[in-house]
Amino acid sequence: MEYVQRKFLETIEQYHMLRQGGRVVAAVSGGADSVCLLALLCGLRGELGIQVRAVHVHHGLRGDEADRDAEFVRQLCEGFKVPFALRRVDVREFARAKKLSEEEAGRLLRYRVFEECAGAWERGAWAEWADEGTIGPEGAGGAGGGNAWLKADRAADGVRVAVAHHGDDQAETILHNLCRGSGLKGLGGMRPVRGRIIRPLIAVSRKEILEWLAANGLSFCQDSTNDTDHYTRNRIRRQLIPMLQEQVNPGAVESILRVGRLAGQADDYLSGQAREWTGHHVREENGRILVPGEAFERLPEILRAYVIFQVMTRVGGRAKDLTSGHVDQVMGLFGMQAGRSQDLPYGIRAVREYEGVVIGCRETASGQPRTEAVFRYFSYKKGTEIPKNQYTKWFDCGKIKGTPVVRSRQSGDYITLADGRTKTVRRFMIDEKIPREKRDSVLLLADGSHILWIVGYRISEYYKVGPDTVRVMEVRMGAPARDDPASDVIKEDENGGKDHGR
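Rules of the game
- Residues numbered from 1 in each chain as written.
- Predicted model: local features only at pLDDT ≥ 70, side-chain atom pairs only at ≥ 80, totals over all residues.
- Heavy atoms only, no water.
- 1 Å grid on protein atoms, 1.4 Å probe; cavity = no way out; pocket = protein on both sides within 12 Å on 5 of 7 lines; lining within 4 Å.
- Points joined across faces, edges and corners; volume = space filled by probe spheres on them.
- Helix = DSSP H or I, 4+ residues; strand = E, 2+ residues; numbered from the N terminus.
- Nonpolar A, V, L, I, M, F, W, Y, C, P; charged D, E, K, R; others polar.
- Phe/Tyr/Trp six-rings, centres within 6.5 Å; stacked < 30°, edge-to-face > 60°.
- Buried < 20%, exposed > 50% of the residue type's maximum accessible area, 1.4 Å probe, protein only.
- Contact = heavy atoms within 4.5 Å.
- Pairing = 2+ DSSP bridges.
- Core = buried A, V, L, I, M, F, W, Y, C linked by side-chain atoms within 4.5 Å.
- Salt bridge = Lys/Arg side-chain N within 4 Å of Asp/Glu carboxyl O.

(A) Looking closely at the layout of surface pockets. Estimates place the volume of the second largest pocket at around 640 Å³. Contributing to the lining of the second largest pocket are 28 residues, with Tyr15, Gln170, Ile202, Ala203 and Arg261 lying nearest its centre. Elements supplying a minimum of two residues to the lining of the second largest pocket: α1 (2-14), α9 (167-179) and α13 (252-281). Residue composition of the lining of the second largest pocket, by class: 11 nonpolar, nine polar and eight charged.

Below, the structure is given as structure tokens:
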């Protein structure tokens, strides 16, 4: 069973997941994979001098079984002398509000918790964030030895979050993405490193994990939802992969993983080529990005698709919900006459002009100026007078779930009224008699679909500063900076800022 430990360490080193003296939060559900993850990380505390903490996310879906898992993880962490945090989330309500499956809602909430947990540790606010309690002394799992360079380096090294996805999970993901029609990025599966998320078990199989746990006398919890075929991934795991192994190729999983690695490498290469091309050819002005037609049409078709996708992602701020169909819509504009346009998710509009295609937000694609949002964060003292300026607003940081963004309206947006009821932004704009042609140009400060501020009109009652407010987010809207016209600017003061683990 030394193979599992060796492969675990090799993966960490190959992808530069952890540095000497680094900090890592293990996402621990209590299942076999996450117990193995936590135990292996704790085994590296001496060798790598890392600090380990753990977080468990309680989804509120499985009643007594979920409570049992949370208590199991608490005791497991106590045994390993690992500080522990428990977070409860309401998956059903989130899924209902966002019109998502419970599976997708749970995943989104887990990663939101992971990000908050790591950020709290970086800010020195772990104890306050982990309000369900921590286990073990603050320094438990600490480094032990090390030279002065390592100690100095820790402050500069961000907190990582380790999740327990393994090789079988990777094969399921690749098959799932293949069946959904994904491109090379999806066929590459889960990346071993994505931002602060690391997957050190990605090269280890489920069978090897179970054998390692048995050899080391470690128990784990069984999640009953894994034994049903209710979820798509469960059907892939329980039906499709065994069928492929039995009837097509006993080594099907290994073959799928090999194709995934090649697809990931191809995607990385093409993404790099597209970034290099855009750096030399596209022009940005007043929030509008021009893709020049003559140079663009000389590119191979696959690189054209990568260029358009990258530009749309840059304008929209994220890639989710941008599909190959949207890319095709924009690429089709190059063969049309000037003036034709396509509206896309996140308020993006692509317009055919004489020189090529301009991509920007709907309020900027036609040349209108963008508005800059300046963010500032500070502690709130009760009795402090709240500014009444129409374009400077205060919000309770404790109520904000994600990272606020300034954007135009999207389907599903809503605001909370003074009586506690919610109203869709669409209905609000109708009631306020905002002309239809101007509605897409009204800026919103959004926390997901929950709108903090309809700029120039009103703020959400939910986010207002009140007697229980501890920290304030101030947002000031103004004219765009002359030296940075390309995008909404978000600034913070130096004190600002903001699957597993079930």
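Now that the structure has been shown, we can carry on.
(B) Main features of the packing of aromatic side chains. For the coordinates displayed, the defined rule picks out eight aromatic pairs. For the ring pair Phe296 and Phe334, a centre distance of 4.2 Å and an interplane angle of 15° mean the geometry is stacked. A residue pair is termed long-range when its members are at least 10 positions apart, and Phe296 in helix α14 (residues 293-296) and Phe334 in the loop between α16 (324-333) and β9 (341-344) qualify at 38 residues. You can call Phe334 buried: its relative accessible area is 6%. A ring pair is formed by Phe428 and Tyr457, whose centres lie 6.2 Å apart and whose planes are at 90°; its orientation type is edge-to-face. A residue pair is termed long-range when its members are at least 10 positions apart, and Phe428 in helix α17 (residues 425-431) and Tyr457 in the loop between β18 (450-454) and β19 (458-459) qualify at 29 residues. Among the residues examined, Tyr457 registers a relative accessible area of 41% and is labelled partly exposed.

(C) View of the environment of Leu257. Examined against the element boundaries, Leu257 turns out to sit in helix α13. As a C-alpha pair, Leu257 and Glu172 span 85 residues in sequence and 9.6 Å in three-dimensional space. Sequence-distant contacts of Leu257, that is, excluding residues within four places in its chain, are made with Gly167, Gln170, Ala171 and Ile174.

(D) Fine view of the pairing of strand β17 (residues 444-447). Side-chain alternation along β17 places Leu444 and Ala446 on one buried face and Leu445 and Asp447 on a second face that is also buried. Pairing of strand β14 (residues 405-407) with β17 involves three bridges; the strand directions are antiparallel. Note on β17: the bridge partner recorded for Arg407 is Leu444. Here β17 pairs with β18 via four bridges, running antiparallel. Of the residues in β18, the one forming a bridge with Ala446 is Ile451. From the end of β17 to the start of β18, which pair antiparallel, there are two residues, and Gly448 there has a positive phi angle of about 70°.

(E) Summary view of the nonpolar core. In terms of nonpolar packing, the biggest core is built from 41 residues, with Leu38, Leu41 and Leu201 touching the most fellow members. Every element with two or more residues in this core is listed here: α1, β1 (23-27), α2 (32-43), β2 (51-58), α4 (64-80), β3 (84-88) and α11 (206-215). No other element matches α2, which puts nine residues into this core. In contact with Leu38, not counting residues within four places along its chain, are Ala26, Val28, Val52, Leu76, Cys77, Phe80 and Val82.

(F) Seen up close, the pattern of salt bridges. Summed over all chains, the structure comprises 25 salt bridges. A salt bridge links Glu211 to Lys207; the shortest N-O distance between them is 2.7 Å. Note that Glu211 and Lys207 are positioned in helix α11 at a spacing of four residues, about one turn of the helix. Glu211 gets classed as partly exposed once you look at its relative accessible area, which sits at 33%. In this structure Lys207 comes out as exposed when scored by relative accessible area, which is 57%. The salt bridge partner of Arg409 is Asp440, with a shortest N-O separation of 2.9 Å. Of this pair, Arg409 sits in the loop between β14 and β15 (414-416) while Asp440 sits in the loop between α17 and β17; the two residues are 31 residues apart in sequence, bridging distant segments of the chain. Salt bridges linked by common partners bring Lys185, Arg191, Asp267 and Asp268 together as one network.

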